[in-house]
Amino acid sequence: MTLCRMAVSRIVFVVILLIFSASCASMGGGEKKKAENLKGAVEAFNQDFRWEDYKSAGVWIPLAKKEQFWTVVDKFKGKIRIFDYQIREVNLDEKSMKGTAVIFFQYYRMSSPTLETVTTSQKWYFSEKEGWRLGKSGLQALTKEELDL
């Protein structure tokens, strides 16, 4: 599969997931469906970020934080590579429509290619207008800097 086809298939997957997420939310889907949609959002964001498809990863960032997101991307681009990640758990608080994902990352710095590991958490929230959005990425654990995203 060519790189272009992979990018198109990811974009199609994200669009379908967004449409599905919005339709389930408007229909008042059950807790299980909302939890599945959150898991899908967590997986899509982290997969895109791992493969440095930042434009697709940016779909999950609220409009108010887009500038901060691109600042974080600049800290990663060409400097930090995510070798692998595992989503350890995803928890949804249905009352507040907020979720927490615990992610295990394996990564290395281009300046010192020693494999490092870290477990961090991501904070997600649901917006009726935008669907699932990433509130806190937990990526500062990889850069060892305080990041606002």
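Refer to the preceding data block for the structure.
These figures come from a predicted structure and were not determined experimentally. (Residues numbered from 1 in each chain as written. Predicted model: local features only at pLDDT ≥ 70, side-chain atom pairs only at ≥ 80, totals over all residues. Heavy atoms only, no water.)

Visitor: Before we go on, may I ask you to explain the pattern of salt bridges in this structure?
Guide: Should their charged atoms come close, side chains of opposite charge can pair. Under the definition given, this model contains six salt bridges. With a closest N to O distance of 3.9 Å, Arg 50 and Asp 84 form a salt bridge. On the criterion of sequence distance, the pair formed by Arg 50 in helix H2 (residues 31–50) and Asp 84 in strand E1 (residues 80–93) is long-range, its members being 34 residues apart. Judged by its relative accessible area of 27%, Asp 84 is partly exposed. Across the salt bridge formed by Glu 52 and Arg 81, the nearest N and O atoms sit 2.6 Å from each other. Of this pair, Glu 52 sits in the loop between H2 and helix H3 (54–57) while Arg 81 is found in strand E1, placing the two residues 29 residues apart along the sequence. (Salt bridge = Lys/Arg side-chain N within 4 Å of Asp/Glu carboxyl O. Helix = DSSP H or I, 4+ residues; strand = E, 2+ residues; numbered from the N terminus. Buried < 20%, exposed > 50% of the residue type's maximum accessible area, 1.4 Å probe, protein only.)

Visitor: Help me understand the nonpolar core in this model?
Guide: Here is a general trend for soluble globular proteins: nonpolar side chains tend to be buried in one another's company. Counting residues in each nonpolar core, the largest one holds 31 residues, and the members touching the most others are Phe 45, Phe 49, Phe 69, Phe 76, Phe 105, Trp 124 and Trp 132. Elements with a contribution of two residues or more to this core: H2, H3, helix H4 (66–76), E1, strand E2 (98–109), strand E3 (112–127) and strand E4 (131–136). The greatest single-element share of this core, amounting to six residues, is contributed by H2. Not counting residues within four places of it along the chain, the set of residues in contact with Phe 105 comprises Asn 46, Ile 82, Asp 84, Tyr 85, Glu 116, Thr 117, Val 118, Thr 120, Gln 122, Leu 139 and Leu 142. (Core = buried A, V, L, I, M, F, W, Y, C linked by side-chain atoms within 4.5 Å. Contact = heavy atoms within 4.5 Å.)

Visitor: I would appreciate a short explanation of the sheet that holds E3 in the present structure.
Guide: Consider a sheet: its strands pair through backbone hydrogen bonds, and that pairing is either parallel or antiparallel. If you trace the four strands from one edge of the open sheet to the other, you get E1-E2-E3-E4, paired in antiparallel fashion. Lying at the two open borders of the sheet, with one neighbouring strand each, are E1 and E4. Each strand of the sheet is rotated relative to its neighbour by a mean of 30°, with strand direction disregarded. Taken together, the 12 bridges between E1 and E2 define a ladder with antiparallel strand orientation. By the bridge assignment for E2, Ile 82 is matched with Tyr 107. (Pairing = 2+ DSSP bridges. Axes fitted to C-alpha atoms, helices over the stretch in contact; angles between N-to-C directions.)

Visitor: What is the right way to read the packing of aromatic side chains from this model?
Guide: By convention here, two paired aromatic rings are described through the distance between centres and the angle between planes. Scanning all chains against the criterion turns up eight aromatic pairs. Look at Phe 49 and Tyr 54: their rings are 5.0 Å apart centre to centre, the planes differ by 70°, and that puts the pair in the edge-to-face class. Residue Tyr 54 is classed as buried on the basis of its relative accessible area, which comes to 5%. Residues Phe 49 and Phe 76 carry aromatic rings whose centres are separated by 5.0 Å and whose planes lie at 85° to one another, so their mutual orientation is edge-to-face. With Phe 49 in helix H2 and Phe 76 in helix H4, the pair connects residues that are 27 residues apart, well separated along the chain. Taken individually, Phe 49 and Phe 76 each receive the classification buried, so the pair is uniform in this respect. (Phe/Tyr/Trp six-rings, centres within 6.5 Å; stacked < 30°, edge-to-face > 60°.)

Visitor: Teacher, can you tell me more about H4 here?
Guide: Residue pairs three or four apart in sequence face the same way in an α-helix, which turns once every 3.6 residues. Those residues of H4 that fall on the buried side of the exposure criterion are Phe 69, Val 72, Val 73 and Phe 76. Along the axis of H4, the buried positions cluster into a sector of 105°, meaning they face one direction only. Of the residues trailing H4, Gly 78 is marked for its positive phi of about 75°. (Arc of directions from axis to C-beta.)

Visitor: Would you take a moment to explain the pairing of E4 for this structure?
Guide: Every regular strand shows the same layout, with side chains that alternate between the two sheet faces. Counted residue by residue, E4 has five buried out of six residues, so it is predominantly covered. With five bridges connecting them, E3 and E4 associate as antiparallel partners. Looking at E4, one finds that Tyr 125 is bridged to Arg 133. The hairpin formed by E3 and E4 contains three residues between the paired strands.

Visitor: Help me understand the environment of Gly 58, please; the structure alone is not making it clear to me.
Guide: Mapping Gly 58 onto the fold places it in the loop between H3 and H4. Judged by its relative accessible area of 3%, Gly 58 falls in the buried class. A C-alpha to C-alpha distance of 7.4 Å links Gly 58 and Phe 69, two positions 11 residues apart in sequence. Leave out the neighbours within four places in its chain, and Gly 58 touches Lys 66 and Phe 69.

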